[in-house]
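So you can see what is in the structure, the chains are spelled out below.
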Amino acid sequence: MCGIVGYIGYRDATPIILNGLKRLEYRGYDSAGLAVLQNSHIEIRRDAGKLENLERLVAEQPISGHLGIGHTRWATHGPPSQKNAHPHIGMTGEVVVVHNGIIENFLELKAELQAEGARFTSDTDTETIVHLLERFMAAGRSLEEAAREAFSQLKGAQAIVTFSSREPDRLIACRIGNAGGVAIGLGDGEMFIASDIPAILDHTREMVFLESRQMATITADGYTVQTLDGEPVTPTVHAIPWDPVSAAKGEYKHFMQKEIFEQPRAVTDTIRGRVDFDRQEVHLPDLNLTPEIARSLERVIIVACGTSYYSGLVGKTLIERIARVPVEVWIGSEFRYADPLIDDSMAVLAITQSGETVDTLAAMEEAREKGALLWSIVNAIGSQAMRIADGYISMLAGPEIGVASTKAFTTSIVDQYLLACYLAQLRGSQDREKLKGHIADLARLPDLVGSVLDHDEEYQALAGKLYQYANFLYLGRDINYPIALEGALKLKEISYIHAEGYPAGEMKHGPIALIDENMPVLAIAVRDHVYDKMLSQVEQAKARGGIVIALATEGDDLIAEKADYVLYVPETPWLLSPVINVLPLQLLAYHIAVRRGADVDQPRNLAKSVTVE
Ligand code: AGP
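This text gives an overview of the structure that appears in the document. (Residues numbered from 1 in each chain as written. Predicted model: local features only at pLDDT ≥ 70, side-chain atom pairs only at ≥ 80, totals over all residues. Heavy atoms only, no water.)

### A few points about the site of the ligand
As a reminder, the rule being used: When at least one non-hydrogen atom of a residue lies within 4 Å of a molecule or strand, that residue is treated as near it. Polar contacts, as counted here, are pairs of nitrogen or oxygen atoms within 3.5 Å of one another; within protein the pair requires one atom able to donate a hydrogen and one able to accept it, and residues that are adjacent in sequence qualify only if both atoms are side-chain atoms. Starting at the N terminus, helices and strands are each numbered in turn, a helix being any DSSP run of H or I of at least four residues and a strand any DSSP run of E of at least two. Each residue receives one of three labels: charged for Asp, Glu, Lys and Arg, nonpolar for Ala, Val, Leu, Ile, Met, Phe, Trp, Tyr, Cys and Pro, and polar for the others, Gly being one of them.
The immediate surroundings of the ligand are formed by 15 residues, with Ser 308, Ser 354, Thr 357, Val 403 and Glu 493 found nearest. Within the backbone of Val 403, a nitrogen or oxygen atom sits 2.7 Å from a nitrogen atom of the ligand. Counting only elements with at least two residues in the shell around the ligand, the list comes to α9 (306-323) and α17 (481-495). Per-class residue counts for the shell around the ligand are five nonpolar, eight polar and two charged.

### Things to note about the nonpolar core
Rule in force here: Take the buried residues of types Ala, Val, Leu, Ile, Met, Phe, Trp, Tyr and Cys, join any two whose side-chain atoms come within 4.5 Å, and each joined set is a nonpolar core. To sort residues, take the accessible area from a 1.4 Å probe on protein chains only and compare it with the maximum for the residue type: under 20% means buried, over 50% means exposed, and anything in between is partly exposed.
In terms of nonpolar packing, the biggest core is built from 96 residues, with Leu 289, Ile 319, Trp 375, Leu 423, Tyr 474 and Ile 592 touching the most fellow members. For this core, the element with the highest residue contribution is helix α13 (residues 407-427), accounting for 13 residues. Core analysis: the second largest hydrophobic core is formed by 28 residues, Val 5, Leu 21, Phe 192 and Met 207 among them.

### Remarks on the sheet that holds strand β22 (residues 391-394)
Just so we agree on the cut-off: Two strands pair if DSSP finds at least two bridges between them. Note on definitions: angles span 0 to 180 degrees between N-to-C directions of axes, and those axes are lines fitted to C-alpha atoms, for helices only across the stretch in contact.
The sheet built from five strands is open, its strands ordered β19-β18-β20-β21-β22 with parallel pairing. If you trace the sheet from one side to the other, it starts and ends with β19 (327-331) and β22, each paired once. Each strand of the sheet is rotated relative to its neighbour by a mean of 20 degrees, with strand direction disregarded. As paired elements, strand β18 (residues 299-304) and β19 share five bridges and run parallel to each other. Bridging across to β19, Ala 304 finds its partner in Ile 331.

### Focus on unusual backbone geometry
Cis geometry is adopted by the peptide bond preceding Pro 87, which originates at His 86 and carries an omega value of 0 degrees. With respect to the element layout, Pro 87 can be found in the loop between β4 (67-73) and β5 (88-89). Of note in the backbone geometry, Gln 280 takes a positive phi value of approximately 50 degrees without being a glycine. Along the chain, Gln 280 falls in the loop between β16 (275-276) and β17 (281-282). Even without being a glycine, Leu 396 presents a positive backbone phi close to 55 degrees.

Pasting the structure below:
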């Protein structure tokens with residue numbers, strides 16, 4: 001999705017904007033540009049392609065000034081090209097705009113503006129914004145007044161930042177619906193704007209976040225926020241606990257690799273402060289949950305997309321087995337159009353790393369309208385999904401930059417494990433000793449995670465044998481079926497190999513026809529109550545000439561006689577085993593993608609946060 005960076009202050013805006021855009025590269029884009037007010041004149045540099053093209057352009061034709069905005073574009077209306085890249089400037093040359101989102105009524109607005117004499121120079125919907133601003137400023141409105149009137153005419157979800165050479169002391173930013181965030185970074189004599197925290201984390205950790213239909217006027221010394229109806233708003237100032245280092249790659253080759261190896265610490269941070277291991281109790285204060293409300297709940301509905309959806313499938317088992325509460329799990333894009341049967345006897349739990357996934361946010365709004373209690377499990381501090389929920393549980397994984405989600409997946413499972421224990425505690429719905437046992441099991445989890453990652457070289461060696469296959473099948477049962485789905489997604493989204501996750505019991509109902517020497521099968525066959533079933537699955541695949549990679553429990557020699565390759569994981573309490581079993585699959589996918597020369601952190605066609613449908 002698109003990235004936005006803005007600056008106003010005593011320093012040169014150009015390097016701050018360019019570095020901010022680099023921090024947003026992981027979001028996926030196909031063109032980039034910036035506009036700076038230089039000697040009272042708006043200068044624009046923009047081009048299709050990667051940021052290096054823009055940096056080269058700026059080096060050849062330098063611009064500098066104390067006010068500027070930048071943008072990385074993910075093409076929706078109009079192909080990636082220099083003329084369609086943002087920022088967009090109007091006919092007067094006095095107003096410039098960058099924009100995330102889709103203006104659903106842009107054709108109607110464009111026709112209206114052209115009839116008034118506006119000349120469009122791009123194929124984008126964004127350009128209608130700058131012509132609307134010029135219309136209202138020509139009628140004598142200030143930039144702020146013109147912005148309020150212009151933005152109120154836009155249908156759909158938008159994030160917009162604009163400035164004018166006529167009012168060189170301010171930026172205007174606006175958020176409508178869910179088209180990615182608008183964060184305002186507070187500095188001393190300078191202010192920052194970004195669509196995502198990492199872009200400005202080098203300069204400040206104090207930020208405010210715009211809600212939908214809010215607009216900010218930002219000067220070097222401060223900001224005011226109002227609704228599009230002109231009502232003043234006092235937003236919360238968030239202290240972002242992430243440091244710039246944690247948002248950088250460090251000694252790793254890719255962000256994904258770094259984030260895989262951060263999981264022992266991430267899981268530790270997720271648990272820390274929420275579990276009293278002396279009293280064997282869990283505390284989740286941000287959930288704002290009372291025993292009465294907990295006892296009144298008849299069902300939990302989990303809604304999420306992609307990897308977060310697979311995490312929710314694991315969560316269903318955790319909450320049903322530990323808290324004894326029925327759980328449904330929905331894909332966000334299905335839930336929002338299904339007119340689901342939900343009411344105030346239920347809690348809807350949205351799981352979203354970015355907190356900005358448009359389908360998940362829409363599902364939250366649907367749940368809110370139907371009266372359900374609204375929870376979220378989120379990683380991005382201050383994101384929409386964190387702010388609109390009645391209660392939330394932060395993943396506390398630190399910034400996840402790689403498009404392929406890894407530490408967010410494992411920490412969101414731990415969060416659901418904590419939620420399951422907390423619900424059981426408040427409802428009294430689990431035998432106290434059993435519950436104490438579940439809580440005690442958490443103590444060893446970070447070490448178990450670290451012990452699996454120590455085998456990275458094995459996974460790298462295996463990747464060297466498998467990276468040229470064109471198709472893979474991942475099989476799992478019960479709590480490991482979602483891990484098969486997640487393992488397959490990791491492989492397909494970064495290596496572009498076709499990989500399918502399947503419930504192992506379904507093999508005979510079709511997929512077994514696929515098995516031959518060209519179809520590696522990864523079977524999750526750890527020692528649990530379905531081990532024997534998985535063992536026979538391995539034998540069936542072998543009998544048909546398949547290549548079998550078994551994920552097995554340390555000490556299991558039997559499986560080594562059946563499978564071609566075995567990846568061993570340590571004995572783990574069953575309900576926590578998905579956190580362990582996914583790790584070799586993350587690293588296998590990573591090393592296969594690296595062997596194939598794929599762009600691991602920015603896979604083609606993908607973005608870190610899907611903020612448009
Ligand atoms: C996972 O590796 C993908 N990047 C994608 O499926 C992602 O999990 C999905 O888009 C949901 O994102 P969210 O957790 O930020 O809502």
